[in-house]
Amino acid sequence: MSRKIVVTSALPYANGAIHIGHLVEYLQTDIWVRFQKLAGNECMYFCADDTHGTPVMIRARAEGITPEELINRVHSEHLGDFTGFGIEFNNYYSTHSEENRLFSEQLYKHAVDNDSISKRDIEQAFCESCDMWLPDRYIRGICPRCKAEDQYGDSCDMCSGTHQPTELIDPKCANCGASPVRKKSTHLFFKLADYGDRLKELIKNGYVQTSVMNKLDEWFSSGLRDWDISRDGPYFGFKIPGEENKFFYVWLDAPIGYMASCKNYCDKNGLDFETLWNSEEYELYHFIGKDIMYFHALFWPAMLISAKMKTANKLFVHGFLTVNGQKMSKSKGTFIKAATYLKHLDPEYLRYYYLSKLTGGVEDIDLSFEDFTAKINSDLVGKLANMASRSGPMLTKKLGAMLGKLDDEGRELIGKLQAAKESIMADFESLNYASASRQISGLADICNKYIDQKQPWTTIKTDEETTRTTLTVVINAVKILTIYLKAALPGYAEKIEQFLGVEPLTFADVETVLEDRKINKFVRLVERVDKEKVEAMVEESKEDIGVPQAEENQVEEVKLDEPLEPECTIEDVMKVDLRVAKVVSAELVEGANKLLHLELDLGALKKSVFAGIRKAYKPEDLVGKTVICVANLKPRQMKFGLSEGMILAAGPGGEEVFMLGIDEGAKPGMRVH
RNA sequence: GGCGGCGUAGCUCAGCUGGUUAGAGCGUGGGAUUCAUAAGCCUAAGGUCGGUGGUUCGAGUCCACCCGCCGCUACCA
């Protein structure tokens, strides 16, 4: 029986561009949504821009436009980015919409009726020159603890301590630099604690992954606090009914934006919103990052419970993206915007890469450019695309583009691929895409072995029909693997569908077999990753930001061919025992093209070392030379013998190797300090 | 500081409820091939599973402590 599913991704804020970190979530979600559809389920995907709040207001002011103009522009930019990456929303809406206003007012009214709203005064910073209340983020000053300058109102980057904005020394408005004043104001609070038991119940029943549950336990045990849901004007948002100059805090109406987007879609398409959003007929899932767990696991369901509405079946929480093992950095050029990526690289690369990394857990995932290039080039191009490329053209050029029939052996191979279907589908369902991609990759290995073993390039010379059978098997294998990958690589799949001359494939087609039919001309499926394009993308990401802090007269950043190793201690250095050594003999190594075999004299002892310096040094030039060697390196068994040390040399390798010498007078065996 | 997560081959990561010689892909060395997007196949080397101690017949897997990294710490969007 097919399922009916509604899915959302977190709403990106309308104050900045989509970057590759955001895309982890949207691609994770999009792959899941596409998977559900391919599996024969009905699945709808809703999202929207999160448009309200102080940052949007400030940004619009800075650009001299209205907030509406800003959010309209950003909306189309965001949508363009998503479309560029093949992310297919049923509706990409905005929180600044009538639907959202109505729902926000409705949910608020329910909360009021349930006596879940309280009022009390709070003191907050107000900038008189900007005529605006300042969130903590918009107050800068000196950290009360470590006295670092220019720190946020709530936390200090230098000592990583947290503090109250009132404690900040010499506070300034981050916007205009004026000193803010403290003013009292009445705020509305949602009494979250009233919903504690029901939230615990929800979470106990599998609302989130277990690791997320642990985190939530922490919050529960420290007690749920009331949630400030109002902001004083001027504020870009919805006015709170019955209040003077008060607006809903942006986080109140943001998740409601999911509903608004769904409602807007339903109205445009003649569907019943109540059925889609609020009935048991449809499952509901939210995909979010771990930073907004609090809102989605506590506030949001509490508000829905208060309004007697359905809560989601499950929250799928994912981790953050690091690039080359570190936080995305504007100065390093790893803060890569979606639009910048698209100028240089194929979006399907990133879709495949994230597929290969995502596990459904909350751990961060790392995008290493080296790994990225290797994975795409070897897995996607070398294994998968190449499979099609080594069968398709032969079939079209030499065998009239006609498929034959599978033989027993072929059926066995195809059977193996078909048998993996359930397990691969289970991986997609549970968001363990990495596991799915490993399975698929393993299947491609089996197929490539089959091709090697069958040698169609040999049999074609003598036996066309046997060759046709072999290639028919391969084409059918390609078809199945394409289905397995299609959720992640829709563009790739489409090319193969055209090549095979078939209707759009789904998981149901895994069981069907293509026989005795014509196929179309083979087109290249995917290009290899060009390292230079990756570099160009990183370069451009640096330029996006401009040269940072040039006026600070900072130490010029050194650019090395090989990046600097992490800082080490003197103890680390002392572990390496460097000794002066004299080359006693040097000879070529039979069968090796990079190695020289050296005998070294270290005074009291001798060492036999294999060094990869053959392209740079001739054996006869080395004998008698004094070099520096690592004397306590663990001996390594090489094919040609045991290497007991390592000669110090500089350079990238090959012909460019430069050995370290030492000044006159040093004797073999002396330690280098 | 408190809390959560992580630390497994050069790199990126799998290892379910503890159970035979710890796995994959990439990379590296060697070999046989050449249909294919310099791809594919065979084969070798490479890990005291962050450290120490403990529970157990048996621990990468459980417990304690320590070290290192990341994140959260709620009126921040």
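The numbering scheme is per chain: residues are counted from 1 as the chain's sequence reads. Chain labels run from A onward and ligand labels from 1 onward, assigned in the order the entries are written. It should be noted that, the model being predicted, local features are given only for residues of pLDDT at least 70 and side-chain atom pairs only at 80 or more, the latter also being counted only at that level, while totals for whole chains, interfaces and linings use all residues. As a convention, hydrogens and water are excluded, and side-chain values are obtained from all of the structure's heavy atoms.

**Considering the protein's contact with RNA strand B**
- For RNA strand B, the set of nearby residues contains 51 residues, the closest of which are Asp136, Glu218, Asp228, Tyr294 and Lys357.
- In this text, near means that some heavy atom of the residue lies within 4 Å of the molecule or strand in question. At the protein interface, 69% of the atoms of RNA strand B within 4 Å belong to sugar or phosphate.
- By the criterion applied in these results, polar contacts are pairs of N or O atoms within 3.5 Å in which, for protein atoms, one can donate a hydrogen and the other can accept it, and in which residues neighboring in sequence qualify only through two side-chain atoms. Note that a base nitrogen of RNA strand B is positioned 2.5 Å from one of the side-chain N or O atoms of Trp251.
- For RNA strand B, a base nitrogen lies 2.6 Å from a polar atom in the backbone of Val526.
- In this text, helices come from DSSP runs of H or I with a minimum length of four residues, and strands from runs of E with a minimum of two, each type numbered from the N-terminal end. Every element with two or more residues in the surface near RNA strand B is listed here: helix 6 (210–221), helix 9 (293–306), helix 12 (369–389) and helix 16 (433–454).
- Sort the elements by how many residues they give to the surface near RNA strand B and helix 12 lands first, with 10 residues.
- Just so you know the grouping, Ala, Val, Leu, Ile, Met, Phe, Trp, Tyr, Cys and Pro go in nonpolar, Asp, Glu, Lys and Arg go in charged, and all remaining residues, Gly too, go in polar. In the surface near RNA strand B, the residues fall into 15 nonpolar, 11 polar and 25 charged.

**Digging into the state of the cysteines**
- Any two cysteine sulfur atoms within 2.5 Å of one another count as a disulfide. All chains considered together, the criterion is met by 0 disulfides.
- For the unlinked cysteine Cys173, the closest cysteine sulfur is that of Cys127, found at 3.7 Å.
- Accessibility expressed as a relative area gives 2% for Cys173, which makes it buried.
- No disulfide involves Cys266; its nearest neighbouring cysteine sulfur is the one of Cys262, lying 4.1 Å away.
- With a relative accessible area of 0%, Cys266 lands in the buried category. Here the term buried applies to any residue with accessible area under 20% of the maximum for its type, exposed to any over 50%, and partly exposed to those in between, with areas from a 1.4 Å probe on protein chains only.

**Some remarks on a positive patch on the surface**
- Patch members must show over 30% relative accessible area and no salt bridge, and they are joined within 9 Å when carrying like charges or within 5 Å when they are nonpolar side chains of Val, Leu, Ile, Met, Phe, Trp or Tyr. Working definition of accessibility: Shrake-Rupley area with a 1.4 Å probe, residue cover restricted to the visible protein chains. Just to be clear on terms, a salt bridge is a Lys or Arg side-chain nitrogen sitting within 4 Å of an Asp or Glu carboxyl oxygen. Here the positive residues are Lys and Arg and the negative ones are Asp and Glu; neither His nor the chain ends is included. Just so you know, the charge point we use is NZ for Lys, CZ for Arg, CG for Asp and CD for Glu. A contiguous patch of positive charge on the surface is contributed by Lys397, Lys398, Lys461 and Lys521.
- By secondary structure assignment, the location of Lys461 is in the loop between helix 17 (456–459) and helix 18 (464–485).

**A word on the packing of aromatic side chains**
- The criterion for an aromatic pair is that two Phe, Tyr or Trp rings (for Trp, the six-membered ring) have centres within 6.5 Å, with stacked assigned to planes under 30 degrees apart, edge-to-face to planes over 60 apart and tilted to the rest. Per the stated rule, a full pass over the model turns up 31 aromatic pairs.
- For the pair Phe89 and Tyr92, a centre-to-centre distance of 5.0 Å together with 35 degrees between the ring planes defines the contact as tilted. Judged on exposure class, the residue Phe89 and its partner Tyr92 are both buried.
- Each member of the aromatic cluster is reached from another via a ring pair, and the members are Tyr26, Tyr45, Phe82, Phe89 and Tyr92.
- Should the NZ of a Lys or the CZ of an Arg lie within 6 Å of a ring centre and within 35 degrees of the ring normal, that charge is described as sitting over the ring. The ring of Phe189 carries Arg120 above its face, with NZ or CZ at 3.9 Å from the centroid.

**Structural notes on the pattern of salt bridges**
- Taken as a whole, this structure holds 33 salt bridges when the rule is applied.
- Of the charged contacts, one joins Arg524 and Glu527 as a salt bridge, the two residues approaching to 2.9 Å between their closest N and O atoms.
- One connected set of salt bridges, linked through shared partners, spans Asp30, Arg34, Glu88 and Arg351.

**Quick look at the domain arrangement of chain A**
- Each domain's limits were defined by an automated method or a database of domain assignments. The assigned domain composition of chain A is domain 1 (1–115 + 194–226 + 233–318), domain 2 (117–190), domain 3 (379–509) and domain 4 (549–659).
- Throughout, a contact is declared for two residues whenever any of their heavy atoms are within 4.5 Å. Counting residues at the interface gives 19 residues for domain 1 and 16 residues for domain 2.
- Here's the idea: put two parts together, see how much 1.4 Å probe accessible area each one loses, and the total over both is what we call buried area. Its largest share of buried area at the contact with domain 2, domain 1 owes to Ile58, Asp226 and Lys246, together 34% of the area lost on that side.
- A salt bridge links Asp226 to Arg120; its shortest N-O distance comes to 3.5 Å.
- If you look at where domain 1 meets domain 2, you find 2 residue pairs in polar contact (both at pLDDT 80 or more).

**Points about unusual backbone geometry**
- Backbone torsion omega between Gly233 and Pro234 reads 0 degrees, so that peptide bond is classified as cis.
- Topologically, Pro234 is positioned in the loop between strand 11 (230–232) and strand 12 (246–248).
- With phi around 55 degrees, Asn245 is a residue other than glycine that occupies positive phi space.
- Here Asn245 is to be found in the loop between strand 11 and strand 12.

**Some points on the environment of Met670**
- Mapped onto the fold, Met670 is located in the segment after strand 26 (656–659).
- As a C-alpha pair, Met670 and Trp32 span 638 residues in sequence and 63 Å in three-dimensional space.
- Not counting residues within four places of it along the chain, the set of residues in contact with Met670 comprises Leu578, Arg579, Val580 and Gly665.

**Looking at empty space enclosed by the protein**
- Here a cavity is any set of points on a 1 Å grid over the protein atoms alone where a 1.4 Å probe fits but cannot get out, and a pocket is any open set with protein on both sides within 12 Å along at least 5 of 7 lines; a residue lines the site when it has an atom within 4 Å of a point. Grid points are joined across faces, edges and corners, and a volume is the space filled by probe spheres set on the points. Under the counting rule described, the total for this entry stands at 2 cavities of 30 Å³ or more.
- Contributing to the lining of the largest cavity are Leu384, Met387, Val478, Leu481, Thr482, Leu485 and Tyr492.
- Elements with a contribution of two residues or more to the lining of the largest cavity: helix 12 and helix 18.
- Here the lining of the largest cavity gets 4 residues from one element, more than from any other, and that element is helix 18.
- For the second largest cavity, the calculated volume is near 30 Å³.
- Forming the boundary of the second largest cavity are Leu107, Tyr108, Ala111, Ile117, Phe190, Ile229, Leu252 and Met303.
- For the lining of the second largest cavity, the element with the most residues is helix 4 (residues 98–113), which contributes 3 residues.
- Classifying every residue of the lining of the second largest cavity gives 8 nonpolar, no polar and no charged.

**Digging into the sheet that holds strand 7 (residues 151–152)**
- Pairing is antiparallel across the open sheet formed by 3 strands, whose spatial order is 7-6-8. Looking at the sheet topology across the chains shown, the edges are occupied by strand 7 and strand 8 (169–173). Two strands form a pair only when DSSP identifies at least two bridges running between them.

**A few points about the pairing of strand 9 (residues 181–190)**
- Inspection of the sheet shows strand 4 (residues 117–127) paired to strand 9 by 10 bridges, in the antiparallel sense. Across the sheet, Lys119 pairs through a bridge with Leu188, a residue of strand 9.
- Inspection of the sheet shows strand 9 paired to strand 10 (residues 227–228) by 2 bridges, in the antiparallel sense. Bridge assignment links Phe189 to a residue of strand 10, and that residue is Asp228.

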